[in-house]
Amino acid sequence: MTSFASDNYSPAHPDVLAALAAASAGHEISYGEDPWTARLQDAVRARFGPDATAYPVLTGTGANVVALMATLPRWGAVVASEHAHLNTDENGAPERVGGVKVLTVPAPDGKLTPAAVERFAGDLGDPHRAQPLVVSLTQSTELGTLYTADEIRAVADAAHARGMRVHLDGSRLANAAAALGVPLRALTTDAGVDVLSFGGTKNGLALGEAVVVLDPSAVDGVEFVRKSTMQLASKMRYVSAQLLALFEPVGDVVAEVDEVADADELWLRTARPATAWAAGRRGGLAAAVVAPAVGPAGAAPGPASGLAFTQPTLVNAVFATLPRTAVARLRERHRFYDWGSGETPDRVEVRWMCAWDTTPGDVDGFVADVRAALAVAS
């Protein structure tokens, strides 16, 4: 059974496994005082700016919690899209673990605008309200949409004007940068982001993410927060070595920063195919589409036998509605997730994800199975 449920399902990239093996030579000082973690700082500064500092952590949820706790006072709150992963898929961790109130904003396309800042700005200074002091964006969004650098900058400018900070959940930042054809810095530091949760496991790592502080004045006590939230790895070299492999070739930990051109870096080499295969899948499905309108599920009912795309395919995710009978047939051969209600009770919205290891054969086989399932459903 092939899986199109999540890029988290994919295996570790061979270069990442090689980095782990290379890091497992002899004894090294624990808790980050190792050559790989030091080298990671050089790599991060080269790509995000001279003030950037990386704090390797174990999980994406951990990265978000650490970033928000270090950015907010005890009375602070974070403004986020209603679809934000930190709101819907982290079991309340920002609130349960971090004591961070999440203030949600409707976002049919998954994206926040400067209006989201103004929505809660009136609460600033009111002791009866949680203080909205951070805005959190997700890139790419939970609905597979993208912020341009200018769109991020617009939100950041509005937030900074109100004395608020900007957090970016970048679990799929690599996919977004690959799709937009820009460096990582263009969507983060240069766009006004203050602190970043940088994703690894969705882009070839076996384990590990990083909190990347872009503006040191935006945070306080990251080291203490990371430890108290159980995100400090004793053998940190194994997390750092994997992250480092996304930027530089496996081998000498004192190699020059510019040893590899940006176009050859692993984060880009793994993110590009996933986006390309998703676009190819959508193109292959076009012949099966009866109701090709793009918009939120439920916007316009289509024929019961058809397939309708509900979001643009910009990165490595395809969102569509189709008959539940077709979905059941597809699940005999493929794993994927239901996402929401369809236009009618007998239809459902699904999400199909591509990963760094998705192949043309995987895509072709899936497209053929979708067409066959729709033919039987009709």
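Conventions we followed
- Residues numbered from 1 in each chain as written.
- Predicted model: local features only at pLDDT ≥ 70, side-chain atom pairs only at ≥ 80, totals over all residues.
- Heavy atoms only, no water.
- 1 Å grid on protein atoms, 1.4 Å probe; cavity = no way out; pocket = protein on both sides within 12 Å on 5 of 7 lines; lining within 4 Å.
- Points joined across faces, edges and corners; volume = space filled by probe spheres on them.
- Helix = DSSP H or I, 4+ residues; strand = E, 2+ residues; numbered from the N terminus.
- Nonpolar A, V, L, I, M, F, W, Y, C, P; charged D, E, K, R; others polar.
- Phe/Tyr/Trp six-rings, centres within 6.5 Å; stacked < 30°, edge-to-face > 60°.
- Buried < 20%, exposed > 50% of the residue type's maximum accessible area, 1.4 Å probe, protein only.
- Lys NZ or Arg CZ within 6 Å of the ring centre and 35° of its normal.
- Core = buried A, V, L, I, M, F, W, Y, C linked by side-chain atoms within 4.5 Å.
- Contact = heavy atoms within 4.5 Å.
- Pairing = 2+ DSSP bridges.
- pLDDT = per-residue confidence, 0-100.
- Axes fitted to C-alpha atoms, helices over the stretch in contact; angles between N-to-C directions.
- Parallel < 35°, antiparallel > 145°, perpendicular 65-115°, else oblique.
- Left-handed = near helix turned anticlockwise from the far one by under 90°.
- Salt bridge = Lys/Arg side-chain N within 4 Å of Asp/Glu carboxyl O.

**Here's the deal with the layout of surface pockets**
Link 1 in the chain: Here the largest pocket defines a volume of roughly 530 Å³.
Link 2 in the chain: Lining the largest pocket are 30 residues, and of these Asn8, His85, Asp89, Arg172 and Lys202 sit closest to its centre.
Link 3 in the chain: Where the lining of the largest pocket is concerned, the elements lending two or more residues are helix 3 (60–71), helix 4 (85–88), strand 6 (165–170), strand 7 (195–198) and strand 12 (337–341).
Link 4 in the chain: With four residues, the top contributor of residues to the lining of the largest pocket is helix 3.
Link 5 in the chain: Residue composition of the lining of the largest pocket, by class: five nonpolar, 17 polar and eight charged.

**Re the packing of aromatic side chains**
Link 1 in the chain: Scanning the entire structure with this criterion turns up seven aromatic pairs.
Link 2 in the chain: Geometrically, the ring pair formed by Phe336 and Trp352 is edge-to-face, given 6.0 Å between the ring centres and 85 degrees between the ring planes. Taken together, the positions of Phe336 in the loop between strand 11 (334–335) and strand 12 and Trp352 in strand 13 (residues 347–353) put the pair 16 residues apart, joining distant regions of the chain. The exposure classification of Phe336 matches that of Trp352, with both residues buried.
Link 3 in the chain: Grouped by ring-pair contacts, the aromatic residues Phe4, Phe336, Trp352 and Phe366 constitute a single cluster.
Link 4 in the chain: The lysine or arginine in question, Lys111, covers the ring of Tyr147, its NZ or CZ lying 5.8 Å from the ring centre.
Link 5 in the chain: Seen from the ring of Phe336, Arg331 lies directly overhead, with NZ or CZ sitting 4.4 Å from the centre.

**Section: the nonpolar core**
Link 1 in the chain: Of all hydrophobic cores here, the largest spans 60 residues; its most connected members are Phe48, Val135, Leu137, Phe198 and Val212.
Link 2 in the chain: Element by element, the count of residues in this core is highest for helix 10 (residues 237–245), at six residues.
Link 3 in the chain: When near neighbours in sequence (up to four residues on either side) are disregarded, Val212 contacts Val44, Phe48, Ala52, Thr53, Ala54, Val195, Leu196 and Phe198.
Link 4 in the chain: Formed by 22 residues, the second largest nonpolar core is a distinct cluster that contains Phe336, Val350, Trp352 and Cys354.

**Considerations on the sheet that holds strand 10 (residues 317–323)**
Link 1 in the chain: Taken in spatial order, the four strands of this open sheet run 9-10-13-12, and their pairing is antiparallel. Looking at the sheet topology across the chains shown, the edges are occupied by strand 9 (308–309) and strand 12.

**Looking at the confidence of the model for the protein**
Link 1 in the chain: Residues of the protein with pLDDT of at least 70 account for 91%, and the chain-wide mean is 91.
Link 2 in the chain: Contacts from residues 252–262, a stretch scored under 50 in pLDDT, to residues over four places away or in other chains number 17 contacts.
Link 3 in the chain: Counting interchain partners and residues more than four positions distant, the pLDDT-below-50 stretch residues 290–304 has 30 contacts.

**So, the packing of helix 11 (residues 266–285) against helix 13 (residues 360–377)**
Link 1 in the chain: Here helix 11 crosses helix 13 at 30 degrees, and the two axes come no closer than 9 Å. In terms of orientation, helix 11 and helix 13 fall into the roughly parallel class. Here helix 11 runs over helix 13; the crossing is right-handed. Two secondary-structure elements touch here, helix 11 through Trp277, Gly280, Arg281, Gly284 and Leu285 and helix 13 through Pro360, Val363, Phe366, Val367, Val370 and Arg371.
Link 2 in the chain: Here the contact of helix 11 with helix 13 is built from residues that sort into seven nonpolar, two polar and two charged.

**Description of the environment of His160**
Link 1 in the chain: Tracing the backbone shows His160 in helix 7 (residues 149–161).
Link 2 in the chain: By relative accessible area, which is 32% here, His160 ends up partly exposed.
Link 3 in the chain: Not counting the four nearest positions on each side in its chain, His160 is found in contact with Arg165, Val166, Gly192 and Asp194.

**Description of the sheet that holds strand 3 (residues 76–81)**
Link 1 in the chain: An order of 2-8-7-6-5-3-4 is seen for the seven strands of this open sheet, with the pairing classed as mixed. The two strands at the open ends of the sheet, each matched to only one other strand, are strand 2 (53–57) and strand 4 (101–105). The sheet shows a mean angle of 25 degrees between the axes of neighbouring strands, direction not considered.
Link 2 in the chain: Where helix 10 meets the sheet, its contacts fall on strand 2, strand 7 and strand 8 (209–213), and the angle it forms with strand 2 comes to roughly 120 degrees.

**Concerning the pattern of salt bridges**
Link 1 in the chain: Under the counting rule described, the total for this entry stands at 16 salt bridges.
Link 2 in the chain: One salt bridge in this structure joins Asp190 and Arg185, with 2.8 Å as the shortest N-O distance.
Link 3 in the chain: For Asp190, a relative accessible area of 42% corresponds to the partly exposed category.
Link 4 in the chain: Salt bridges here are not isolated pairs; linked through shared partners, they connect Arg39, Asp42, Arg45 and Glu248.

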